[in-house]
Amino acid sequence: MNEIIEIGTAKANPGTIGEGKMIVETLAGGGDIAIPVTIMNGINDGPCFWINGGIHGDEPEGILTCSLLKKSIDPKNLSGSVILVPVINVPAMEAAERGNPLDTFSYDMNRIYPGRKDGYFSERIAHIHKEWMVKFADMEISIHSGGSHSYLAEAMFAATDEKTQELSRAMGEDWRVCLYSNVTSKSPMAVMSENGKPALTVELGGRSATGPGKFLEVGNKLHKACVNIMTHYKMIEGVPHYPSLRQKGYQQALLAPKSGIFLSNPKINFLTMMKKNDLIATIINYQGEEISKIMAPEDGMIFGLRALPNVTIGEWCCFFAIIEGEW
Ligand SMILES: [Zn+2]
């Protein structure tokens, strides 16, 4: 038999779902700054699987995934618990911006963990979230996407240790690319890794994948991966699936060499090997003249590409995976 779980104002007996929030502070107008949390507490013992979304406010894919999980997982058939945090950075999500518009000092919340109790606004949110997560979570995934500027295909960042790679493999058949960069980047994943617990930063979706049916397609794929993790760790019944090939490498983010309009090469595909110096995109100026080319920096593949054509010098253009081999 499992125990009662309490996180912030949420409480769930074994076999039930509890809803609440982790309260951070009160704003000048009297409203709470709080992080919503759902506890799906299983009947039987098992691991605590913690799912984070919305640390970047222009990436709502985690909310969709959590909503699909809540509909499909019955805590009466669950061993262990699943903790859903659909949005960590609520002010950023409300503004549909990457960071909290009320905090210009620690804008990118995925680079400030473990946060600080007496730090900048977002650091305080990170601190409260981290305290609860580290107390309960045995394993964690954070759901990201290309946000308002890009589309990212199925890829993840993960540490190289065995326990983390097991979790990475448990994402299932759709997830072939696992990169070992950014693992110490002051993210929730980094904090979990430092505590010896497996964690992933998962990327899928973003601008250009929100048209009719497209957003749901992304949500369904992320939902499928979360369910597969639960199956792999025997939290629910079922037969897990695994990718037939897992590619290993690291990210190189390519930044816009010029300002203008970004035109991707129509002949390239996501997660498909290309050669060093193959054409990824061109940038044209407002008179239509080509002013720059973006090429593959090494042999590897694109897993993310700018989807907002308007581009300013130095902005993200391409998320390139330099592939070194197989896991
Ligand atoms: Zn993100």
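Up top is the structure.
Please read these numbers as outputs of a predicted model, since none were measured by experiment.

Remarks on the overall build of the chain
Looking only at helices and strands, one finds six helices and 17 strands in the chain. Taking 327 residues into account, the globule formula puts the C-alpha radius of gyration at 20 Å, and the chain, at 20 Å, falls close to it. Dimensions of the chain along its principal axes, counting C-alpha atoms only, are 65 × 50 × 40 Å. By the burial criterion, 46% of the 327 residues in the chain qualify as buried. A fraction of 67% describes how many contacts in the chain between residues 6 or more apart in sequence connect residues 24 or more apart.

A word on helix α6 (residues 214-232)
Here α6 contains 19 residues, and its C-alpha end-to-end distance of 27 Å stays within 8% of the 27 Å for a straight helix at 1.5 Å per residue. Within α6, the full set of buried residues consists of V218, G219, L222, H223, A225, C226, N228, I229, M230 and H232. For α6, the elements touching its buried residues are β5 (44-52), α1 (61-72), β7 (139-144), α4 (162-169) and β10 (199-206). Where α6 ends, the next residue or the one after it, K234, has phi of about 60 degrees, a positive value.

Comments concerning α1
Relative to the 16 Å expected for 12 residues at 1.5 Å per residue, α1 spans 17 Å between its end C-alpha atoms, a close match to the ideal helical length. The complete set of buried residues in α1 reads E61, G62, L64, T65, C66 and L69.

About the cut-offs
Residues numbered from 1 in each chain as written. Predicted model: local features only at pLDDT ≥ 70, side-chain atom pairs only at ≥ 80, totals over all residues. Helix = DSSP H or I, 4+ residues; strand = E, 2+ residues; numbered from the N terminus. Rg over C-alpha atoms; globule rule 2.2 N^0.38 Å. Buried ≥ 20, exposed ≤ 12 C-beta atoms within 10 Å, placed from the backbone. Contact = placed C-beta atoms within 7 Å. Expected span 1.5 Å × (residues − 1).

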